Amino acid sequence: MISERLRIASQFLKGYHYLADCGTDHALLPIYAIEKGYVKKAIASDNKNLPLMNAKDNINQKGLFLEVKTVLADGLSYLNLENEVDVVTILGMGGIVMKDILDKAYLYNVKRMVLQPNSHSELVRRFLEEHKWKIVDEVFIEDNKKYYQIIVCEKGSMILNDLDREFGPIILKKKPPLFIKRIESMIDHFNQALEQAKDSETKEKLNQRIAFLKGALA
Ligand SMILES: C[S@@+](CC[C@H](N)C(=O)[O-])C[C@H]1O[C@@H](n2cnc3c(N)ncnc32)[C@H](O)[C@@H]1O
């Protein structure tokens, strides 16, 4: 069964042709996207053998080996001028690794990327900003008691501030109730830490973080 996180991310693939799902693990996302007819073909890639074996098993079980190709590769190193991949997903990875993968990738033919960094989303958004990608949609979701940001981007330009980079320009604009709840609970957490804090340096850092988070609610 596909998770809510992957199901929501897959909605942004509709109408594209050839998907590359980097860090695919079980290949549930490309399988779902093909089954639903969102894309016609897919590459399910991972840099480790075991996840790729799981991916192959799942693809074969569904009889989708003609539509979903598995590739053992670091990041998106298989992308080049010739291939037809027009949409990329990188989901469920830390932002540092994700940024590194994007930095090394040949993305000239790619029209859209759907990204879901588990951490350091500000590094991913900074990469997008600096490499002429524009965020066209974003979702803030809770799945299995964890919060996730899903970023959808296409070629274009944008200018972000620090709040935008951490929380997402569109999430900040839409301010969904779940996001407000999350920021309020983070502010509560830092306020409690502030009550316990002894030294002035820690207090100063906590106050700065609280002020920053309040900015996300303004
Ligand atoms: C937590 S899983 C996420 C699986 C799936 N994308 C999802 O969101 O449910 C992360 C996967 O990324 C793979 N991975 C980590 N670094 C990678 C890299 N540099 N290149 C390709 N795959 C990588 C891991 O082997 C693992 O299978």
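Position numbers for residues count from 1 along each chain, tracking the sequence in the order it is written. With the structure being a predicted model, the display of local features is reserved for residues of pLDDT at least 70 and the display and counting of side-chain atom pairs for 80 or more, all residues being used for whole-chain, interface and lining totals. Computation of side-chain values covers all heavy atoms of the structure but excludes hydrogens and water.

The name given to the protein chain in an unreviewed UniProt entry is SAM-dependent methyltransferase, with the source organism recorded as Hujiaoplasma nucleasis.

**Here we look at the site of the ligand**
Cut-off, in case you're wondering: Only a single heavy atom is needed: when it lies within 4 Å of a molecule or strand, its residue is near that molecule or strand. Whenever two N or O atoms come within 3.5 Å, that pair is a polar contact, provided that in protein one can donate a hydrogen and the other can accept it, and provided that, for residues adjacent in sequence, both atoms are side-chain atoms. Accessible surface area values rest on a Shrake-Rupley calculation with a 1.4 Å probe, where residue burial reflects the displayed protein chains alone. Secondary structure elements are defined from DSSP: runs of H or I of at least 4 residues count as helices, runs of E of at least 2 residues count as strands, and each element is numbered from the N terminus. Throughout this entry, Asp, Glu, Lys and Arg are counted as charged residues, while Ala, Val, Leu, Ile, Met, Phe, Trp, Tyr, Cys and Pro are counted as nonpolar. The remaining residues, Gly among them, count as polar.
Around the ligand lies a shell of 18 residues, among which Arg 5, Gly 23, Asp 46, Lys 48 and Gly 75 are the nearest. Contact distances for the ligand include 2.6 Å between an oxygen atom and a side-chain N or O atom of Asp 46. With respect to the ligand, the backbone of Leu 91 contributes an N or O atom lying 2.9 Å from a nitrogen atom. If the ligand stood free it would expose 600 Å²; the protein chains cover 81% of that surface. When contributions to the shell around the ligand are tallied by element, the ones reaching two or more residues are helix 1 (4-10), strand 4 (87-94) and helix 4 (95-104). Taken together, the residues of the shell around the ligand break down into seven nonpolar, six polar and five charged.

**Focus: the domain arrangement of the protein chain**
Keep this limit in mind: Segment limits for the domains were obtained from an automatic or database-derived domain assignment. Residue contacts are defined here by distance: any two heavy atoms, one from each residue, within 4.5 Å place the two residues in contact. Here the quantity called buried area is the accessible surface, traced with a 1.4 Å probe, that two parts lose on coming together, added over both. Should a side-chain nitrogen of Lys or Arg be within 4 Å of a carboxyl oxygen of Asp or Glu, the pair is scored as a salt bridge.
Partitioning the protein chain into domains gives domain 1 (4-171) and domain 2 (180-217). Distance from the C-alpha centre of domain 1 to the C-alpha centre of domain 2: 32 Å. Tallying the contact residues gives seven residues for domain 1 and eight residues for domain 2. Of the roughly 610 Å² buried where domain 1 meets domain 2, counting both sides, 73% is carbon and sulfur surface. Across the domain 1-domain 2 interface, the total number found is one salt bridge. The salt bridge involving Arg 209 is made with Glu 166; its shortest N-O contact spans 2.6 Å. In this structure, the connection of domain 1 to domain 2 is made through one residue pair in polar contact (both at pLDDT 80 or more). Within the residue set of the side of domain 1 that touches domain 2, elements represented by two or more residues are strand 6 (133-143) and helix 6 (162-167). Here the element with the most residues in the side of domain 1 that touches domain 2 is helix 6; it accounts for four residues.

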